[in-house]
Amino acid sequence: MRLGKKRRRGVSLVMRVRRSVVTAVVCALLAGASMSCTGDSVPARGPVTDLLDGRDWAHFAGAKPTRSGVRITRLDRRITQQDGNGGQPNPPVNLRGPHLVFRGEIRIEARLRRTDGTDAYLHLYGETPVVYDEWRHERRGVRIGVAGDRLRFDRWDGDSNRPALTRTFGKGLGDEVRLAIDVRGNRLVLEADGNVVGTVPGRDVFGHGRIWFGADAGGGGEGWTLGELRAMPLGRGKMSVRDAPGLQVPRSTDALRDLAADLQRPIRLGTALAAGPLLTDSAYRRTAGEEFSMLTPENDFKAQFVQPRRGVFAFEEGDTLVDFAHANGMQVHAHTLVWFEALPSWMRAEMTDEDRRRVMTEHIRAVAGHFRGKVAEWDVVNEPMSDEDEDYTDSNRGVRPHLWFEAMGEQYMDIAFRTAREADPDAVLYLNEYGVEEDGPRWDGLYALLIRLKKRGVPIDGVGFQNHEYAADDRTDPEVFRRKVRALAGLGLKARVSEMDVLVGEGEEDVQARQFAGKLAVCREEPNCTSFSTWGFTDGYGSTADIRNYPPSPGNALPWDGVYEAKPAYWALRDVLGRSRRRAAAKTAWTNESDVRGRCASLKRGRSRSCCDARPEHPLDRVVREDRRRDRRDPVEGTAAAADRLRARLPCRGASPARPPLRGAPAALRSQAPDWHVPLPPSTAGLQQAAASGAAPGQADDPEAGHGQRPLVRQPLDRRLNASAVRDVPSDGPRSDPAGWAGYGYCASHSRFFWGLRLYLVCTPTGMPIVWAPASPKIGEREVLASMLETDAGLVAEREGILLISDKGFGGKVFEQDLAGQGIELLRPSRKREKARYGEPTLKKFRQLIESVNDSFKGRLDLEQHGGRTFEGVAIRGAQRTLAMTAAIWHSRRTSAPVTRSLIAYDH
């Protein structure tokens, strides 16, 4: 029997109303029991983990651990615009405390105790915020807390600095509230005092499977106490707690800082750093600690960050930067004590001239006193010169008329420098300014100011030239800059390049490289220039990001791009330092007779004495010494004897020094060229240099031209490099055109190196590739693997109890400890005179299975068997291999593979 359309609609509506009523009654009856108001059963809870006891909350800004919990002080920390307007909230993140790594569903519980009506908030960050130069990029996260007598919830989706969702729930909450949030896929279930008060969409806010913690206080009170913070998995969820990484990073001996330290007059190579990425981005941390010998706090010493309320200080982020510097043998150039920008609103408030002076001197004493003996240098006064033409013709004499000047006149600088000297007597005191690298009234005004300060006996030690170059008009000739540095020397003042970055247009990387290199060359050559610092080092966190977009579009002003691949500017900096290093090394080789004899003896070849005398130690010497000491085969050269044979072919002047491995991303690993090249006959060598430089054969005759070039493997192959030229290469076995061009003529079978690069695979036990990276064979296997795991941290986060099966070459106490810290167990065969390792019988079976699967891949893509001896063959087979691996990785990630699968390192 058919019902009418209107009648059917009426019946459907009645049924929906009945279901809603029934659901509401059930929810009311079962509140707090094993059913939620959504009708879903509450998943079983797993082991509970305490996130307060034994965890680091002492380095969290505004927090103080007590017996009753962690006391949270109201900071009211905000970031103002350059003109002092606005006030973007800048609550702290516990970067050095615990964070969660999870998969599936989890639950977080907290107990908030208020004593004076303070609004209490707990922040859960799916991605930690990024603070650029005085601007905060709010990424994905939520805030849950008690405002007044209601529960408040805010969610940020990463597309605005304002919450995408704000909700309030319940009412009548007291001074002590137990809060809970269940993360159930894309739903967040909120509880207060044991009752479910609401469910909100999660919008994948914790999609990366990580949660960092923060806390803040609002309203008119002074603070509140976090009495309890716990986490637990729900249902089949998995969870682990990670503490912050160690601050000390592994060091190479051929980074920028090493080249600068080896100069006849050493200088410091520095950069501006931020605490956030330092503790959450391993590539940022490792590159900073390895490449630089000085750091400048980008924001964390500025007044609005360090003293957000009068008498309330937040030194924790600054302390983290200082601790990082000391852990890695770096100096700290502290920035800044007195500035007209980056001031908290209370410092800008109306007050008498005497009160203004008191505020300035109290701030200097407190901040410089806290870091006394921990920092080497201070920017005491920052940017005192005016941007207005009229200030250079009136009584201001070019000094900017800001609030400090209005209260004390030009003498505010005298007072600031003298107060800083009293607070930190051993620190070197600088004035820091922009736009004074070029000729003009701005430089003239500064120079006249310096003369006045010196006459008044102000304890100023030097001047920092910021060297921000954001447009073509900002680019200063290095010789013009040199005149400024020498002028300071005439006044008895030091100089430094303090904040250099060079924003360029598309295709202007060579311009950027020349500007960086030119300013560094001046600093290297002028005796009173003590350091060269960039304002950040990677475009991923550069202050030239376009903040008109959300998320901001990165700039391109720094020596590394956003994925830590070195740009020509980096190689240009190395070139400036490396040329001096080679000259110094050659001079030492001529004068240090005992060292010469030792080096010549190590060659064990029939070379003339004069040739040995002129040749500085080559990086390969160190490789061979380590190879002999370890009593094992070298992963690239084969054996120490084979390396000796190769060294015999090296020219007396040596080849380009080894370049440091750039860590953090497969793209960076792919950019690694051979550290040195087997010398080619003149015809081939000229073509090789021409291919790298773009010049015609015969134009690249500079004996030092090889140093600082971009990696040869990234340059297009010059088609003039024909088979006849390659056949002239010294031979140890079969090779193809690309192998000879890349300088790998010595390889008996170069196919495993994939045209000058070794291919690394991480696979499942059945041989399914998970992640891959081609890298220079000169980079250590352990280093490549560690970088791959750190780059794709999800491989570790998403899998519990990973077993890494490898060969003997992956042995090493430090390496194994690092893997253990990531929850990875290493299984490898025992080495000589080493006690047999548990599980070795199983290891043999696994390796046979892996090799059989991967050999089938290699057999289909083998370069030697499929025309790989030509450039075209390499290109085609390389593309096929990349596509095959990409498809396999995609399939592995998209399918519901068992969580018990292992990671397998296969280095061919």
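Since the model is a prediction, treat every value here as computed from it, not as a measurement.

Caption draft 1: Seen up close, the overall build of the protein. Looking only at helices and strands, one finds 27 helices and 31 strands in the protein. The buried share among the 908 residues of the protein stands at 55%. Once local pairs closer than 6 in sequence are excluded, the contacts in the protein between residues at least 24 apart make up 70%. Taken as a whole, the protein presents about 38,600 Å² of accessible surface, with 51% of it coming from carbon and sulfur.

Caption draft 2: Broad picture of the packing of helix α23 (residues 781-791) against helix α25 (residues 813-821). In contact at an axis separation of 11 Å, α23 and α25 are set at 15 degrees when each is read in the N-to-C sense. The pairing of α23 with α25 is recorded here as roughly parallel in orientation. Crossing of α23 over α25 shows left-handed handedness. Every residue of α25 that contacts α23 at R782, L785, A786, L789 and E790 is listed here: F815, D818 and L819. A class-by-class count of the residues in the contact of α23 with α25 yields five nonpolar, no polar and three charged.

Caption draft 3: Representation of the confidence of the model for the protein within the structure. Looking at the protein, pLDDT values average 76 and 65% of them are 70 or higher. Scored below 50 in pLDDT, residues 1-9 shows one contact in the model against residues more than four places distant or in partner chains.

Caption draft 4: Representation of the packing of aromatic side chains in the model. Under the definition given, this model contains 19 aromatic pairs. With centroids separated by 5.2 Å and ring planes inclined at 80 degrees, the aromatic side chains of Y284 and Y541 adopt a geometry described as edge-to-face. Here Y541 lies in the loop between β26 (529-534) and α14 (568-591) and Y284 lies in helix α4 (residues 282-291), a separation of 257 residues in the sequence. Taken as a pair, Y284 and Y541 share a single burial class, namely buried. Measuring from ring centre to ring centre gives 6.1 Å for W339 and F340, while their planes differ by 70 degrees; the resulting arrangement is edge-to-face. Owing to a relative accessible area of 8%, W339 belongs among the buried residues under this scheme. Assessed through its relative accessible area of 13%, F340 is described here as buried. The rings of Y284, F292, F537, Y541, W560, Y564, Y570 and W571 are connected pair by pair, giving a single aromatic cluster. One cation-aromatic arrangement involves R496 over Y430; the distance from NZ or CZ to the ring centre is 5.9 Å.

Caption draft 5: Structural context of the side chain of H363. Inspection of the secondary structure puts H363 in helix α8 (residues 353-370). Look past the residues within four positions of H363 in its chain and what remains in contact with it is A303, V306, Q307, L337 and M347.

Caption draft 6: Focus on the nonpolar core. Counting residues in hydrophobic clusters, the biggest one holds 110 residues, and the most contacted among them are W378, W404 and Y412. Apart from the residues lying within four places of it in its own chain, the contact partners of Y412 are V338, M360, V381, P384, V399, H402, W404 and F405.

Caption draft 7: Region of interest: the pairing of strand β14 (residues 187-192). When you tally the buried positions in β14, you get five out of six residues, the bulk of the element. With six bridges joining them, strand β13 (residues 176-184) and β14 adopt antiparallel strand pairing. Each residue of the ladder has a partner; that of D182, found in β14, is V189. Counted between consecutive antiparallel strands, the loop separating β13 from β14 contains two residues, among which G185 sits at a positive phi close to 65 degrees. The pairing of β14 with strand β15 (residues 195-201) spans six bridges and is classified as antiparallel.

Caption draft 8: Representation of the environment of A110. Mapped onto the elements of the fold, A110 is located in strand β6 (residues 99-114). Overall, A110 belongs to the buried group, its relative accessible area being 5%. Between the C-alpha atoms of A110 and A192, which are 82 residues apart in sequence, the distance is 9.8 Å. Apart from residues lying up to four places away in sequence, A110 is in contact with L122, V177, R178, L179, L226, E228 and L229.

Caption draft 9: Summary view of a negative patch on the surface. A cluster of like negative charges, contributed by E388, D389, E390 and D394, occupies part of the molecular surface. On the secondary structure map, D394 appears in the loop between β21 (377-382) and α9 (403-408). Residue D394 is classed as partly exposed on the basis of its relative accessible area of 34%.

Caption draft 10: Representation of the side chain of Q304 in the model. Mapped onto the elements, Q304 comes out in helix α5 (residues 303-306). For Q304, a relative accessible area of 1% puts it in the buried group. A distance of 3.0 Å separates the side chain of Q304 from the side chain of T80, its partner in a polar contact. Not counting residues up to four positions away in its chain, the partners in contact with Q304 are R77, R78, I79, T80, E134, A342, L343 and P344.

Caption draft 11: Region of interest: α4. Taking burial as the measure, the 10 residues of α4 include 10 buried ones, the bulk of the element. Three or more residues of α4 are buried, namely S282, A283, Y284, R285, R286, T287, A288, G289, E290 and E291. For α4, the capping residue at the N-terminal end is D281, with a side-chain oxygen 3.1 Å from the backbone nitrogen of A283.

Caption draft 12: Quick look at the environment of L190. With respect to the helices and strands, L190 occurs in strand β14. Between the C-alpha atoms of L190 and L151, which are 39 residues apart in sequence, the distance is 9.3 Å. Each residue touching L190, except ones within four places of it in the same chain, is listed here: I144, L151, F153, F169, A180, I181, N195, V196, V197, G198 and V200.

Caption draft 13: Structural detail: unusual backbone geometry. For the peptide bond that leads from H335 to T336, omega is 0 degrees, which places it in the cis range. With respect to the helices, strands and loops of the structure, T336 is situated in strand β20 (residues 331-338). Of the consecutive residues Y550 and P551, the connecting peptide bond is found in the cis state with omega at -5 degrees. Its identity is not glycine, yet D193 carries a phi of approximately 55 degrees, on the positive side. With respect to the secondary-structure elements, D193 resides in the loop between β14 and β15. Note on D193: relative accessible area 40%, which makes it partly exposed. With a phi angle near 55 degrees, A342 is a residue other than glycine that sits in the positive phi range.

Caption draft 14: The packing of α8 against helix α10 (residues 411-423), seen in detail. α10 packs onto α8 with a crossing angle of 30 degrees between their chain directions and a minimal axis gap of 9 Å. It follows from the interaxial angle that α8 and α10 lie roughly parallel. Every pair of crossing elements has a handedness; the one defined by α8 and α10 is right-handed. Here R357, M360, T361, I364, R365, A368 and G369 of α8 lie close against α10, whose contacting residues are Y412, I415, A416, T419, A420 and A423. Residue composition of the contact of α8 with α10, by class: eight nonpolar, three polar and two charged.

Caption draft 15: Layout of the environment of S252. Secondary-structure assignment places S252 in the loop between β17 (223-242) and α2 (256-261). On the accessibility criterion, S252 (16% relative accessible area) is buried. It is 6.7 Å that separates the C-alpha atoms of S252 and E290, two residues lying 38 residues apart in sequence. There is a polar contact of 3.5 Å between the side chain of S252 and the backbone nitrogen of D254. Within polar-contact distance, the side chain of S252 engages the side chain of E290 at 2.9 Å.

What counts, and at which threshold
Residues numbered from 1 in each chain as written. Predicted model: local features only at pLDDT ≥ 70, side-chain atom pairs only at ≥ 80, totals over all residues. Heavy atoms only, no water. Helix = DSSP H or I, 4+ residues; strand = E, 2+ residues; numbered from the N terminus. Buried < 20%, exposed > 50% of the residue type's maximum accessible area, 1.4 Å probe, protein only. Contact = heavy atoms within 4.5 Å. Areas by Shrake-Rupley, 256 points an atom, 1.4 Å probe, with all protein chains shown as cover. Axes fitted to C-alpha atoms, helices over the stretch in contact; angles between N-to-C directions. Parallel < 35°, antiparallel > 145°, perpendicular 65-115°, else oblique. Left-handed = near helix turned anticlockwise from the far one by under 90°. Nonpolar A, V, L, I, M, F, W, Y, C, P; charged D, E, K, R; others polar. pLDDT = per-residue confidence, 0-100. Phe/Tyr/Trp six-rings, centres within 6.5 Å; stacked < 30°, edge-to-face > 60°. Lys NZ or Arg CZ within 6 Å of the ring centre and 35° of its normal. Core = buried A, V, L, I, M, F, W, Y, C linked by side-chain atoms within 4.5 Å. Pairing = 2+ DSSP bridges. Patch = residues over 30% accessible without salt bridge, like charges linked within 9 Å, V, L, I, M, F, W, Y side chains within 5 Å. Salt bridge = Lys/Arg side-chain N within 4 Å of Asp/Glu carboxyl O. Lys, Arg positive; Asp, Glu negative; His and termini not counted. Charge placed at Lys NZ, Arg CZ, Asp CG, Glu CD. Polar contact = N/O pair within 3.5 Å; in protein donor to acceptor, adjacent residues only side chain to side chain.

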